[in-house]
Amino acid sequence: MSYNTGTLTTTTSFWVEEYDGSNSSSRTEVVVTVVSPPVAGSLSGTQGICVSGTTTFTTSGDNGGSWSSVNTAIATVDASGVVTGVAAGTTTIRYVVAGSGGCSNDTATRTVTVTAAPVAGTLSGTQNLCLNSSTVLSSTSAGGTWSSSDELTATIGSSSGSVHAIATGSVTMTYTVYGTGGCDNVSNDIEITVNDLPTIDPIDGITTVCTSVTNLSNNTDGGVWSSSNLGIATVSTYGVVSKISLGSVTITYSVTDANGCVADTSTLVSFVNPPAKPDTVYGLKEICSYINQSDSVIYHVKPVVGAVSYDWYLPTGITATSTSDRYIHGEVGSDSIAVLFDNSYYSYGAIYVSAVSADGCNSEWIPLWIFKTIPVLSNITGPANVCFGNNADTVFTY
């Protein structure tokens, strides 16, 4: 015997009574209990965590369910829904509410992705820099970003790690690797010291050279000389510059201090040809009648190609009308000189002149011999023929 109760929504009692046509048996009560099905609901909570990091999953369904992880090598979950990252990867977290009274279990799931923690790595690179120098820092871990604690002291390329020293002082360079999937950023620091350059004096010496050698000097000790072009000139450890060929060359003096910082100073040395010498000096050679006279005597030279002025040198007793100096560095175009004679002039002497180029180079000096009175020499007398092998002296007179 069976009975279809239909759909029940609440607990309902049924009575069973047997009837044989005339008599009924006693009634038996049958109670049907209606049980609600389990509800796992939907799960919520952060789905991205770091290795060793945690997140808590919750459910909108019934309490009292059980939590589990499909892959505990990736993440575990405890009875309270606290998920802990174990290794990088993705797994599924399950929440199961058991059914009763004939109801099936209900399950809800939610994935979680575990990300490995970032590593800033070990930083390396030159930590002592000189002003205006550069270096490159590096890390054993890729993908990070560089930053400077003081960009007025030193800057750094955010991705390249290229450091440029701007001012003296100390600065911290930080390398940051940004975390993802719930992982925090990590960073490492490296300290950089920027040292000042040594002080250095300028180079002294003649730099337009008409000869084959010039001597340069510097008041800063301990430096090293160098030439930019050994085909034009060499330079010794003492600053002696020797010409190899005509032309210009940069001579540099470098000083290195205890920090390894280098300062240098340079000068351009030019080796040039001097102008041609004047052909002669034109003017009086016998000046007896001009001693202690107020009238000046003019001496001059013909213009020399490439010369812009002329230097004169006068002996004692001859004075230029423009100056009392014996050495007269002529002005541009000064191819003549006016002089006076006095009693201190010897019986003879020479006026010297040199052509000067635009580079300041002097030509060879040429003299003009000047006499108070030109001497008259008598005839030379003596034998016209001398016998070879004669040991006697031969005398000539004049």
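Residues numbered from 1 in each chain as written. Predicted model: local features only at pLDDT ≥ 70, side-chain atom pairs only at ≥ 80, totals over all residues. Heavy atoms only, no water.

Trainee: Give me the overall build of the chain: which residues, what numbers.
Mentor: In terms of regular secondary structure, the chain is built from zero helices and 34 strands. When burial is assessed residue by residue, the chain has 31% of its 398 residues classed as buried. When contacts within the chain are restricted to residue pairs at least 6 apart in sequence, those whose partners lie at least 24 apart make up 53%. Looking at the chain as shown, the accessible area adds up to about 23100 Å², and 50% of this sits on carbon and sulfur atoms. (Helix = DSSP H or I, 4+ residues; strand = E, 2+ residues; numbered from the N terminus. Buried < 20%, exposed > 50% of the residue type's maximum accessible area, 1.4 Å probe, protein only. Contact = heavy atoms within 4.5 Å. Areas by Shrake-Rupley, 256 points an atom, 1.4 Å probe, with all protein chains shown as cover.)

Trainee: Account for the pattern of salt bridges, naming residues and giving values.
Mentor: Taken as a whole and assessed by the stated rule, the structure comprises one salt bridge. Residue K277 is joined to E364 by a salt bridge in which the shortest nitrogen-to-oxygen separation is 3.8 Å. Taken together, the residues K277 in the loop between β27 (262-271) and β28 (297-300) and E364 in the loop between β33 (348-357) and β34 (366-371) connect sequence positions 87 residues apart. Under the relative-accessibility criterion, K277 is labelled partly exposed at 44%. For E364, a relative accessible area of 51% gives the class exposed. (Salt bridge = Lys/Arg side-chain N within 4 Å of Asp/Glu carboxyl O.)

Trainee: Before we move on, could you go through the nonpolar core and cite the residues and values that matter?
Mentor: Core analysis: the largest hydrophobic core is formed by 24 residues, its most contacted members being Y299, W312, F341 and I370. Looking at this core, the elements that each hand over two or more residues are β28, β29 (307-313), β30 (318-320), β32 (336-341), β33 and β34. Not counting residues within four places of it along the chain, the set of residues in contact with F341 comprises I287, Y290, I291, N292, Q293, V297, Y299, G317, I318 and I370. Core analysis: the second largest hydrophobic core is formed by 17 residues, L123, L131, I156 and V163 among them. (Core = buried A, V, L, I, M, F, W, Y, C linked by side-chain atoms within 4.5 Å.)

Trainee: Describe the state of the cysteines, with residues and values.
Mentor: Throughout the structure, instances matching the rule amount to three disulfides. One disulfide in the model links C50 with C183; its S-S distance is 2.1 Å. Given an S-S torsion of about 100°, the disulfide between C50 and C183 has right-handed geometry. With a gap of 133 residues between them, C50 in strand β4 (residues 48-50) and C183 in the loop between β19 (169-177) and β20 (186-195) connect regions that are remote in the sequence. Each of the two residues, C50 as well as C183, counts as buried. With a sulfur-sulfur separation of 1.5 Å, C210 is cross-linked through a disulfide to C361. Looking down the S-S bond of the C210 and C361 bridge, the torsion is -100°, so its handedness is left-handed. Linking C210 in the loop between β21 (208-209) and β22 (213-215) with C361 in the loop between β33 and β34, this pair joins segments that are 151 residues apart in sequence. (Disulfide = S-S within 2.5 Å.)

Geometric values such as these leave the question of function open.
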